[in-house]
Amino acid sequence: MSKDNQILEEFTSKEYEHGWNIDMEADQAPKGLSEEIVRFISAKKEEPEWLLEWRLKAYEKWTQMEEPNWANVEFPKINYQDIIYYSAPKQKAKPKSLDEVDPEMLETFKKLGISLEEQKRLTGVAVDAVFDSVSVATTFKDKLGELGIIFCSFSEAVKNHPELVKKYIGSVVPVNDNYFAALNSAVFSDGSFCYIPKGVRCPMELSTYFRINAANTGQFERTLIVAEEGSYVSYLEGCTAPQRDENQLHAAVVEIYAKADAEVKYSTVQNWYPGDENGKGGIYNFVTKRGICAGDRSKISWTQVETGSAITWKYPSCILKGDDSVGEFYSVAVTNKMQQADTGTKMIHIGKNTRSRVVSKGVSAGKSQNSYRGQVKIMKRAENARNFSQCDSLLMGNLCGAHTFPYIDIENSTAQVEHEATTSKIGEDQIFYCTQRGIDEESATALIINGYCKEVLNQLPMEFAVEAQKLLALTLEGSVG
Amino acid sequence: MLKIKDLHASIDGKEILKGINLEVKAGEVHAIMGPNGSGKSTLASVLAGREDYEVTQGSITYKDQDVLELAPEERAREGIFLAFQYPVEIPGVSTTNFLKTAINQIREHKGLEALDAVSFLKEMKTKMKLVDIDQALLSRSLNEGFSGGEKKRNEIFQMAMLEPTLSILDETDSGLDIDALRIVSDGVNKLKTKDNATIVVTHYQRLLEYIVPDYVHVLYNGRIVKSGTKELALELEEKGYDWVKEEKVA
């Protein structure tokens, strides 16, 4: 018996000593986190032994770690023993038509320009045969299947492609990477798995498909994308529609593995419930996202539009290991009311001639705090590495804050690293210029903000860019003056 | 069309306009001249509804409406246009996009349908010729990195697109060389009809050689101290503003 197992064994018996027993038939686990709970989750999901061990290892690491506190955010201490870590997806009574849906929600959809059919799907209205989302999804799946692309839920992948999951899970974000990644690794509920075979160019944005299937992945989501040599995929996570969730803490992990000449574009639109005027009840979004450009000439590009959550804490990063590999990070983070965001990226240059580009646009309104935190690290081996970072902050009103924390760490003298930062305010001059042309203040603000974020929005898939633009306007509604 | 009665306005508690009276009829061109600090630009800003200024006394009526009750965008939708002395930069927003937004909001206000892309582009083409403006400029971020001449030409282009009934040109000649001045003035003249009116605010007589006013008013210390026809501008040019100041004192 290995040392790890020994420790595990001890823990297990200890728990039993206390007479702790879980009803395996229950739909949800009791509150709190323990080795037993991890076992319970794994058993519920009928996982293989290796994955259970992997989870247990993560749990053990997690118990030895401390919750980090270096981010520029404030929140009351989280009681990790007061959280339910497993809950079976519930079948809610479906509304029969949109007439039964909360009118406020429909109004929001209308403002975002979301189609009627999609509105039905998002609100869980049973859809008619023609637009049956299941059949649409199946069509997509057939087409992807022909190309050898695997795209399914994480649980399905564990069942059907265990060798791939086993090989790549934790290869980019190790279980002990950080507190929240360790927590996720121990208790992750579900998520997505995507595999693009060698030389295949995924013919569609995985967005459409994903949006149909995104519901109920839970608070500890896990995504793994593997791009074989010379493949390409554009992946879209999230939704512009406002998402509410009874779980306050969300700690997701996303891993991207790109081999030689592969390109992965990962776009996120995040609009979790930000809480009320006082920030009460909003989601804490603590995410670990990382990609590795393992092969030469590979490329990973992150694009994010963050408008939701009470607290956003995430740094989509690229490890540029392969020579001539490229990492990109395009971000718009909007905070309003009492929202707090500490977000940015890490670009780790290991290979030769590696290049990275960072464009971050922060918009703060209300009493919110918005921080950019970015690290550029050029390792010894990374000859001729280049980085360009641009961090712009826009302030609306006098009660919000914008902060920039750049960390630059260079170990190779051939590196070229540029960092530009600006802070500006939406000028009354700009607003007046617009209103004088007949544009009302709300639209003027939207116009100015969208102009300011254009470089990032341009990176999004077309249809999503349009929705994202409207989302920005909606988030900042009423924050002028 | 426009009636200004005993208009007093101040900024940060300091009174700038001290009782302006002015009447402008459709089809007329009025020039407002005056030395620096006389209140010319303040008058233009107050007409357009800039919030920094507080109107403390008097009234402005335009097409029988109380202008002071209207928000800046409402005034614009009613046909009041201000060509800015210092046009504002809006990064990431092209002139085309900006104007499309403006025109459609004005149309919505008038109960008209939004202009489709084809009609909009057609309209753009026509008006581009009028002020001799380049397509490429209109695709760039509004006023960002524009030369002084390009900014002013862009203002007149916007005016052409929005077809206002009352245009206020605030020091449109400042920072223009002779060629640009001629192009800009040409544009303004071509846009002139019997149904619209123009107020030209300027420090120099030079612009008035190109845009010939029906009336000239001299603003000094927050009041119109002298009104006359275009000859007044020439007299001013000759004698300088000191002449008005002295007369005022005398």
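Description of the structure in this document. What you see is a predicted model, and the numbers here were worked out from it, not measured in a lab.

Cut-offs applied
Residues numbered from 1 in each chain as written. Chains lettered and ligands numbered in written order. Predicted model: local features only at pLDDT ≥ 70, side-chain atom pairs only at ≥ 80, totals over all residues. Helix = DSSP H or I, 4+ residues; strand = E, 2+ residues; numbered from the N terminus. Buried ≥ 20, exposed ≤ 12 C-beta atoms within 10 Å, placed from the backbone. Contact = placed C-beta atoms within 7 Å. Rg over C-alpha atoms; globule rule 2.2 N^0.38 Å. Core = buried A, V, L, I, M, F, W, Y, C linked by C-beta atoms within 7 Å. Pairing = 2+ DSSP bridges. Axes fitted to C-alpha atoms, helices over the stretch in contact; angles between N-to-C directions. Parallel < 35°, antiparallel > 145°, perpendicular 65-115°, else oblique. Left-handed = near helix turned anticlockwise from the far one by under 90°. Nonpolar A, V, L, I, M, F, W, Y, C, P; charged D, E, K, R; others polar. Expected span 1.5 Å × (residues − 1).

### So, the overall build of chain A
Regarding its fold elements, chain A presents 14 helices and 18 strands. Looking at the 481 residues of chain A, the share that counts as buried comes to 49%. By sequence separation, contacts in chain A at least 24 residues apart represent 83% of the contacts at least 6 residues apart.

### Side note on the overall build of chain B
Counting its regular elements, chain B contains nine helices and 12 strands. The C-alpha radius of gyration computed for chain B amounts to 18 Å, which stays within 12% of the reference 18 Å derived for 250 residues, consistent with globular compactness. For chain B, the spread of C-alpha atoms along the principal axes amounts to about 60 × 40 × 35 Å.

### Regarding the nonpolar core
One finds Ala258 and Val264 of chain A together with Ile168 of chain B to be the most contacted residues of the largest nonpolar core, which totals 179 residues. Beyond its immediate sequence surroundings of up to four residues, Ala258 of chain A is in contact with Ala227, Val264, Gly291, Ile292, Cys293, Ala294, Gly295, Ser298 and Ile300 of chain A.

### Concerning the pairing of strand 10 (residues 311-314) of chain A
Residues in a regular strand point their side chains to alternate faces of the sheet. All names here are of chain A. Because side chains alternate across strand 10, one face comprises the buried residues Ile311 and Trp313, and the other comprises Thr312 and Lys314, equally buried. Here strand 8 (residues 284-293) runs beside strand 10; their pairing, made up of four bridges, is parallel. Each residue of the ladder has a partner; that of Tyr284, found in strand 10, is Ile311. Pairing analysis gives four bridges linking strand 10 to strand 13 (residues 340-349), with the strands arranged parallel. Considered in strand 13, the bridge of Lys314 is made with Thr343.

### Quick notes on the packing of helix 11 (residues 428-435) of chain A against helix 12 (residues 441-452) of chain A
Residue and element names in this part refer to chain A. Where helix 11 contacts helix 12, the axes come no closer than 9 Å and their chain directions differ by 120°. One way to sum up the angle between helix 11 and helix 12 is to call them oblique. At the point where helix 11 passes helix 12, the crossing takes the right-handed sense. Each of Gln430, Ile431, Cys434 and Thr435 in helix 11 lies in contact with helix 12, whose residues at this interface are Glu441, Ala444, Leu447 and Ile448. A per-class count over the contact of helix 11 with helix 12 returns five nonpolar, two polar and one charged.

### Details of helix 3 (residues 49-63) of chain A
Taking 1.5 Å of rise per residue, the 15 residues of helix 3 of chain A would be expected to cover 21 Å, and the 21 Å separating its terminal C-alpha atoms lies within 8% of that figure. Every buried residue belonging to helix 3 of chain A is among Trp54, Arg55, Leu56, Lys57, Ala58, Tyr59 and Trp62 of chain A, and all of these are buried.

### Some points on the sheet that holds strand 11 (residues 215-220) of chain B
Residues and elements named next belong to chain B. Strand order in this open sheet of six strands is 6-9-10-3-11-12, and the pairing throughout is mixed. In the strand order of this sheet, the two ends are held by strand 6 (80-83) and strand 12 (223-228), each with one partner. With strand direction ignored, the average angle separating the axes of adjacent strands in the sheet is 20°. Sheet analysis places strand 3 (residues 29-33) next to strand 10 (residues 197-202), joined by five bridges and oriented parallel. When the bridges of strand 10 are listed, His30 appears paired with Ile199. Sheet strands in contact with helix 6 (residues 148-162) are strand 6 and strand 9 (166-170), and its direction is about 165° off that of strand 6.

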